[in-house]
Amino acid sequence: MYYTAEVNNMCPVAKGAYHGPAPIPEEGQWVQAKEIKDISGFTHGIGWCAPQQGACKLTLNVKEGIIEEALVETIGCSGMTHSAAMASEILIGKTLLEALNTDLVCDAINTAMRELFLQIVYGRTQSAFSEGGLLVGASLEDLGKGLRSQVGTMFATKEKGPRYLEMTEGYCTRIALNKDDEIIGYEFVSLGKMMDFIKGGMDANDALEKAKGHYGQFDNAAKYIDPRHE
């Protein structure tokens, strides 16, 4: 290591007591994190690309500095789905620092990785006070039984009003209106359930009907409309 002449000519002064970094909460313990292997935690974060045409929700489960689990969810850009596929292969098995400095294909995923890194190294994870943290595979619980992302898709115009296209319950097939043409409920198809029925050997039309449900005052509507065609 090289020093300037000014530093070389200085007289040495002893450093006082060293108490290490402030402890951060990690999986039910207070940890003085000095190396990447000292970091553990489960958390989520959101990222976006520069043109802001798409977003990524990234979920990581880090154990002793290693990414053991990754859930990559994207919305708004068709290319991001392929980026998510590649990122899911890239992330697992890397250290937190490696992942931060790896091209995760899509800027939205890279930004999400940055946001997660900040949460994790500052002790702001969702598992900060959970003894032992969360089991690897815990992110799947966020997807529900059908293992589908929680998506809400709505479209509206001043001229024709709102259209419910997809709710967390599923793909919206009909909107229920009252006599004043106000929305009072909707019908949906749980696509995860429908596919499970079909894979189990059920006829597709029967599976479609069995996977349907509705919400609100659907049965008492004055009329029903198809949100995609009416």
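Quantities reported herein were computed from a predicted structural model and do not represent experimental measurements.

Focus: the overall build of the chain
Each helix and strand counted, the chain has 6 helices and 11 strands in total. Here the chain has a C-alpha radius of gyration of 25 Å; the compact-globule value for 230 residues is 17 Å, and the former is much larger. Once the C-alpha set of the chain is aligned to its principal axes, its extents read approximately 90 × 40 × 30 Å. Buried residues in the chain amount to 36% of all 230 residues. Considering only residue pairs separated by 6 or more positions, the chain has 50% of its internal contacts joining residues 24 or more positions apart. For the chain, the exposed area adds up to about 14400 Å²; of that, 54% sits on carbon and sulfur atoms. The distance from the centre of the 21 positive side-chain charges to the centre of the 31 negative ones in the chain is 4 Å.

Some thoughts on the packing of aromatic side chains
Enumeration over the complete set of coordinates arrives at 5 aromatic pairs. Seen from their ring centres, W30 and F129 are 6.2 Å apart, and the 70 degrees between their planes marks the pair as edge-to-face. Taken together, the residues W30 in strand β2 (residues 29-31) and F129 in the loop between α4 (107-121) and β6 (153-157) connect sequence positions 99 residues apart. Exposure remark for W30: the relative accessible area of 60% places this residue in the exposed category. When its relative accessible area of 65% is taken as the criterion, F129 is described as exposed. Linked through ring pairs, Y164, Y186, F188 and Y215 together constitute an aromatic cluster.

Conventions and cut-offs
Residues numbered from 1 in each chain as written. Predicted model: local features only at pLDDT ≥ 70, side-chain atom pairs only at ≥ 80, totals over all residues. Heavy atoms only, no water. Helix = DSSP H or I, 4+ residues; strand = E, 2+ residues; numbered from the N terminus. Rg over C-alpha atoms; globule rule 2.2 N^0.38 Å. Buried < 20%, exposed > 50% of the residue type's maximum accessible area, 1.4 Å probe, protein only. Contact = heavy atoms within 4.5 Å. Areas by Shrake-Rupley, 256 points an atom, 1.4 Å probe, with all protein chains shown as cover. Lys, Arg positive; Asp, Glu negative; His and termini not counted. Charge placed at Lys NZ, Arg CZ, Asp CG, Glu CD. Phe/Tyr/Trp six-rings, centres within 6.5 Å; stacked < 30°, edge-to-face > 60°.

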